[in-house]
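# Observations on chain architecture
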Amino acid sequence: MEIKITTKQILMVLHILSWIIFIGLCIEAGSYISNGIFTLTVHPQNAGYLELLHLYEFDAGRYVQELILLTIIAVIKAVMFYQIVKILYNKKLNVLQPFNSEMGRFIFNLSYLAIGIGLFSYWTVSFNKWLVNQNVKMPNIENLHIGGADVWIFMGIVLLVIAQIFKRGIEIQSENELTI
């Protein structure tokens, strides 16, 4: 007995997974924003929720800087998955004719977002290392979900190369259409 999984089924599963991840990332970004606002305006002890109470006690400005960096990373990740959800929802993926301008733009956007996530992650990790050198007790990088800056930058560069290949494929396809 042979089980055949079609491209349409795989795309449906990926669409569902993308929605789940997108919603989770939106919740993460929203929790950073709401927690920061609540901590700064109502209850400073709430900084312990993100294990950043020691940072808040060290310097509230540095706490805000850390929260802004964490929020930017979470928002860019959410935007990335929004792009994925949007292209799957609008059914812009044409398997028969994959080299279209919409797909090229999509891959370029993903590459820029991945590079952005990598750069902001690197910045945040460097900032956290500096804070640790200032004797501020900081949570692990893994707990803050900011590790892997090198992987994000690598993925962004790979996507950028693929986007350039797609761009060339679009040019060749449009030349062939004009020839006919």
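Take helix α3 (residues 60-89) next. Compared with the 44 Å implied by 1.5 Å per residue over 30 residues, the 42 Å span of α3 between its first and last C-alpha is a close match. For α3, the N-terminal cap is Asp 59; the gap from its side-chain oxygen to the backbone nitrogen of Gly 61 is 3.1 Å. Where α3 ends, the next residue or the one after it, Lys 91, has phi of about 55°, a positive value.

The N-to-C vectors of helix α1 (residues 7-41) and α3 enclose an angle of 155°; their axes lie 8 Å apart at closest approach. One element, α1, and the other, α3, form an angle in the roughly antiparallel class. As for how α1 packs across α3, the hand of that crossing is left-handed. Across the contact of α1 with α3, the residue classes tally to 24 nonpolar, six polar and two charged.

On inspection of all chains with the given rule, the structure shows six aromatic pairs. Judged by centre distance (5.9 Å) and plane angle (75°), the rings of Trp 19 and Phe 22 are edge-to-face. Of this pair, Trp 19 and Phe 22 both sit in helix α1, three residues apart, which is roughly one turn of that helix. Considering the side-chain rings of Phe 127 and Trp 130, the 6.1 Å spacing of their centres and the 20° angle between planes classify their relative orientation as stacked. With Phe 127 and Trp 130 both in helix α4 (residues 101-133) and three residues apart, this pair spans about one turn of that helix. Three or more aromatic residues joined by ring pairs form one cluster here, namely Trp 19, Phe 22 and Tyr 82.

Once that is clear, we can look at the pattern of salt bridges. Applying the stated rule across the entire model yields three salt bridges. One salt bridge connects Arg 62 with Asp 59, and the closest N-O pair in it is separated by 3.8 Å. The partly exposed category is assigned to Arg 62, whose relative accessible area is 28%. In this structure, the salt-bridge partner of Glu 102 is Arg 105, at a minimum N-O distance of 3.2 Å. Separated by three residues within a single helix, Glu 102 and Arg 105 lie in helix α4, roughly one turn from each other.

As a further point, take the nonpolar core. Counting 41 residues, the largest nonpolar core has Leu 52, Leu 55, Met 80, Phe 106 and Ile 107 as its most contacted members. Take this core: its biggest share by element is 14 residues, from α3. Here Leu 55 is in contact with Arg 62, Tyr 63, Glu 66, Leu 131, Val 136 and Met 138, once residues within four sequence places are set aside.

What follows deals with the side chain of Ser 18. For Ser 18, the location among the structural elements is in helix α1. Non-local contacts of Ser 18, meaning those with residues more than four positions away in its chain, are made with Phe 81, Ile 84, Val 85 and Leu 88.

Conventions used here
- Residues numbered from 1 in each chain as written.
- Predicted model: local features only at pLDDT ≥ 70, side-chain atom pairs only at ≥ 80, totals over all residues.
- Heavy atoms only, no water.
- Helix = DSSP H or I, 4+ residues; strand = E, 2+ residues; numbered from the N terminus.
- Expected span 1.5 Å × (residues − 1).
- Polar contact = N/O pair within 3.5 Å; in protein donor to acceptor, adjacent residues only side chain to side chain.
- Axes fitted to C-alpha atoms, helices over the stretch in contact; angles between N-to-C directions.
- Parallel < 35°, antiparallel > 145°, perpendicular 65-115°, else oblique.
- Left-handed = near helix turned anticlockwise from the far one by under 90°.
- Nonpolar A, V, L, I, M, F, W, Y, C, P; charged D, E, K, R; others polar.
- Phe/Tyr/Trp six-rings, centres within 6.5 Å; stacked < 30°, edge-to-face > 60°.
- Salt bridge = Lys/Arg side-chain N within 4 Å of Asp/Glu carboxyl O.
- Buried < 20%, exposed > 50% of the residue type's maximum accessible area, 1.4 Å probe, protein only.
- Core = buried A, V, L, I, M, F, W, Y, C linked by side-chain atoms within 4.5 Å.
- Contact = heavy atoms within 4.5 Å.

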